[in-house]
Amino acid sequence: MTEKKMEEMKLPDVEILLANFIGLLGNKAYDCLGLIPKEGSTIDLKQAKLAIDSMGAIIEAISPMIDTKQSQDFRNLLSTLRMAYVQKAGNQPK
């Protein structure tokens, strides 16, 4: 394999991978909370909580390594999801 092809295959830094993963977890949390309208979707609070809690842990870990604006954007997303979770959990039959 040529050196150029090996360079093209190189994975990004861990901070970038984790930032992308936060986005994926955020989308999954929105979906599990029923906030992404689609046919046949169901609310799954257990999965939503796991995604949200995981996002929080990752955000805490990478915040010192990313710029302030991106860190604040992640924290805002996390707050929005936490509020949506509390609202959905409060509306579920007991």
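Structure shown above.
K.L.:
Give a detailed account of the overall build of the protein, specifying residues and quantitative values.
P.N.:
Along its length, the protein carries four helices and zero strands. Shown N-terminal to C-terminal, the secondary structure of the protein runs as helices and strands in the order α-α-α-α. Radius of gyration (C-alpha) of the protein: 17 Å, far over the 12 Å computed for a compact globule of 94 residues. Dimensions of the protein along its principal axes, counting C-alpha atoms only, are 60 × 30 × 20 Å. For the protein, with 94 residues in total, the buried portion stands at 26%. For the protein, long-range pairs separated by at least 24 residues make up 60% of all intrachain contacts whose partners lie at least 6 apart in sequence. Summed over its atoms, the accessible surface of the protein is roughly 6,900 Å², and 58% of this surface lies on carbon and sulfur atoms. In the protein, 12 positive and 12 negative side-chain charges are present, and the distance between their average locations comes to 8 Å.

K.L.:
A description of helix H2 (residues 14-32) should follow, citing residues and the corresponding values.
P.N.:
With 19 residues, H2 should cover 27 Å at 1.5 Å per step; its first-to-last C-alpha distance of 26 Å lies within 8% of that length. Those residues of H2 not exposed but buried are Ala19, Ile22, Leu25, Gly26, Ala29, Asp31 and Cys32. The inward-facing, buried residues of H2 contact helix H3 (45-62) and helix H4 (68-91).

Thresholds applied
- Residues numbered from 1 in each chain as written.
- Predicted model: local features only at pLDDT ≥ 70, side-chain atom pairs only at ≥ 80, totals over all residues.
- Heavy atoms only, no water.
- Helix = DSSP H or I, 4+ residues; strand = E, 2+ residues; numbered from the N terminus.
- Rg over C-alpha atoms; globule rule 2.2 N^0.38 Å.
- Buried < 20%, exposed > 50% of the residue type's maximum accessible area, 1.4 Å probe, protein only.
- Contact = heavy atoms within 4.5 Å.
- Areas by Shrake-Rupley, 256 points an atom, 1.4 Å probe, with all protein chains shown as cover.
- Lys, Arg positive; Asp, Glu negative; His and termini not counted.
- Charge placed at Lys NZ, Arg CZ, Asp CG, Glu CD.
- Expected span 1.5 Å × (residues − 1).

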